[in-house]
Amino acid sequence: MSSKSILVTGGAGYIGSHVVRQLGEQGENVVVLDNLYSGQKEAVLYGKLIIGDTSDKELVDQIIKQYNIDTVMHFAAHTVVPESVENPLKYYANNTSATRNLLECCQNNGIKHFIFSSTAAVYGMLEEGVATEDTPTRPINPYGTSKLMTEWMLKDLSLATDLTHITLRYFNVSGCDPQTRIGQNTPNATLLIKVACEAALGKRDSLSIFGTDYDTPDGTGVRDYIHVEDLADAHITALKYLRNGGESKTFNCGYGHGYSVKEVLDTVQKVHGAPLNIEEKPRRAGDPPILIADCSAIQKELGWKPKLDDLEKIVESSLKWEHKLANKNQ
Ligand code: UD1
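Throughout what follows, the structure given in this document is the object of discussion. In this numbering scheme, every chain counts its residues from 1 along its sequence in written order. Where local features are concerned, this predicted model is filtered to residues with pLDDT of at least 70; where side-chain atom pairs are given and counted, the filter is 80 or more; whole-chain, interface and lining totals use all residues. Calculation of side-chain values draws on the structure's entire complement of heavy atoms; hydrogens and water are dropped beforehand.

**What to know about the nonpolar core**
The condition that has to hold: Definition of nonpolar core: a set of buried residues of the types Ala, Val, Leu, Ile, Met, Phe, Trp, Tyr and Cys, connected through side-chain atoms within 4.5 Å. Burial classification: accessible surface area is computed with a 1.4 Å probe over protein chains only, and a residue below 20% of its type maximum counts as buried, one above 50% as exposed, and the rest as partly exposed. Counting from the N terminus, the helices are DSSP H or I runs at least four residues long and the strands are E runs at least two residues long. For every domain, the bounds stem from an assignment made automatically or drawn from a database. Two residues qualify as a contact provided that any one of their heavy atoms is within 4.5 Å of a heavy atom in the partner residue.
Residues Leu23, Met73, Leu168 and Ile298 are the most contacted members of the largest nonpolar core, which totals 64 residues. In terms of residues, this core owes the most to one element, helix α7 (residues 228-243), which gives 9 residues. Residues from two domains meet in this core; each of domain 1 (5-174 + 225-253) and domain 2 (192-224 + 256-328) gives at least three. Excluding anything up to four places from it in sequence, Ile298 contacts Leu168, Ala234, Phe251, Asn252, Cys253, Gly303 and Trp304. Ile69, Leu154, Leu157 and Leu163 belong to the second largest nonpolar core, which has 21 residues in total.

Here it is, written out as structure tokens:
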């Protein structure tokens, strides 16, 4: 264990809070910086929560000094793709400009390691459906572009200074922690598994399949669904790698195989034990037919081993979380 502390921006959000929990369980000193725009205080199970913004240079500077920070894990971001299309500058402000401020503070204070939460959205429309880290990045929405710009800033900063970093490109994240304490809380969610679980519990009357005419085995879109626990563990693995002197790298985080929308919905119905009210609708704008991670690099180079690569387990976990939310809101 290090006597230094780790700053986790966005640590009250969905993925950040799972990483904070795993760091805390391993005895790490954690400081969370979150403006609670979409995060929740109660999701921070370990460490100190400071409510504030990553764009606030004075605050970040003071936190780094006061808490003896040597590593930053950066999750704070807006993540709603359609919103990024309607309001691109909101995304460039929060995801790109605010991150530039954060990186400047890191540079001024000699931060050693940086782990960045990026996205499969940097790839855009894939010709082959499977992305390796060398697949050309051609984001098709401002969300993906705003994250890619941070990837570039990080690369350049690591070349110019002693900072080392890992960029993790997430595929489709789902599930909650084993004790159902933290999970996906976003209101008006659009993510398939979340929406299907909400429909299963009667929070929605129905759900839609967006597109049944794709060139895929059953005509519906295929995605690589990863359990949030495995994704959080990828961050812990990346941290160990950087602490052992590993050089800066970018990795995909998925399981390397996909499920169609229909397969996901069949699994939700099976685990829930009742049929869903499903409507078939036209394709949703901007959806690629297939998006799967080639995730051999992170397994080979960092030794990351997924433990929950099982759609039923992911759905079970997501359903449990939805039950908990439903009980809380009654
Ligand atoms: C998500 C991420 C995106 C990331 C991508 C990686 C968010 C908001 N989006 O997008 O940043 O790049 O994973 O793969 O976090 N679908 C339906 N009905 C629904 C909802 C979805 O049929 O009600 C279908 C979609 O058309 C798609 C699949 O389900 O084929 C998954 O969609 P969704 O869960 O929204 O995630 P992505 O769009 O893949």
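**A short note on the pairing of strand β12 (residues 249-253)**
Cut-off, in case you're wondering: By this definition, two strands are paired if DSSP reports at least two bridges between them.
In terms of residue burial, β12 counts as a mostly covered element, since 4 of its 5 residues are buried. Direction of pairing for strand β7 (residues 164-170) relative to β12: parallel, over a ladder of 5 bridges. Looking across to β12, one finds that Ile166 is bridged to Lys249.

**Considerations on the site of the ligand**
Here is the rule: Whether a residue is near a molecule or strand depends on its heavy atoms: it is near if one of them lies within 4 Å of it. Nitrogen and oxygen atoms within 3.5 Å of one another constitute a polar contact, given that in protein one can donate a hydrogen and the other can accept it, and given that sequence-neighbouring residues count only through two side-chain atoms. All amino acids are sorted into three groups, where Ala, Val, Leu, Ile, Met, Phe, Trp, Tyr, Cys and Pro are nonpolar, Asp, Glu, Lys and Arg are charged, and the leftover types, Gly among them, are polar.
With respect to spatial proximity, 21 residues lie near the ligand, and among them Asn172, Leu192, Ser208, Arg223 and Asp287 are the closest. In this structure, an oxygen atom belonging to the ligand sits 3.4 Å away from a main-chain N or O atom of Thr190. Note that an oxygen atom of the ligand is positioned 2.7 Å from one of the side-chain N or O atoms of Arg223. When residues in the shell around the ligand are grouped by element, the largest group, 3 residues, is from strand β9 (residues 207-210). Within the shell around the ligand, the residues separate by chemical class into 12 nonpolar, 6 polar and 3 charged. In terms of domain composition, the shell around the ligand takes at least three residues from each of domain 1 (5-174 + 225-253) and domain 2 (192-224 + 256-328).

**A few points about the pattern of salt bridges**
Put simply, the rule reads: We define a salt bridge as a side-chain nitrogen of Lys or Arg found within 4 Å of a carboxyl oxygen belonging to Asp or Glu.
Evaluated as defined, the whole model comprises 20 salt bridges. Where Lys57 meets Glu104, a salt bridge forms, and the shortest distance between an N and an O atom there is 3.2 Å. Linking Lys57 in helix α2 (residues 57-66) with Glu104 in helix α4 (residues 88-108), this pair joins segments that are 47 residues apart in sequence. The partner of Lys194 in a salt bridge is Glu322, with the nearest N and O atoms 3.0 Å apart. Of this pair, Lys194 sits in helix α6 (residues 192-200) while Glu322 is found in helix α10 (residues 311-328), placing the two residues 128 residues apart along the sequence. Lys194 sits in the buried class, given a relative accessible area of 6%. A cluster of three or more residues bridged by salt bridges with shared partners is formed by Arg21, Glu25, Asp177, Arg181 and Glu229.

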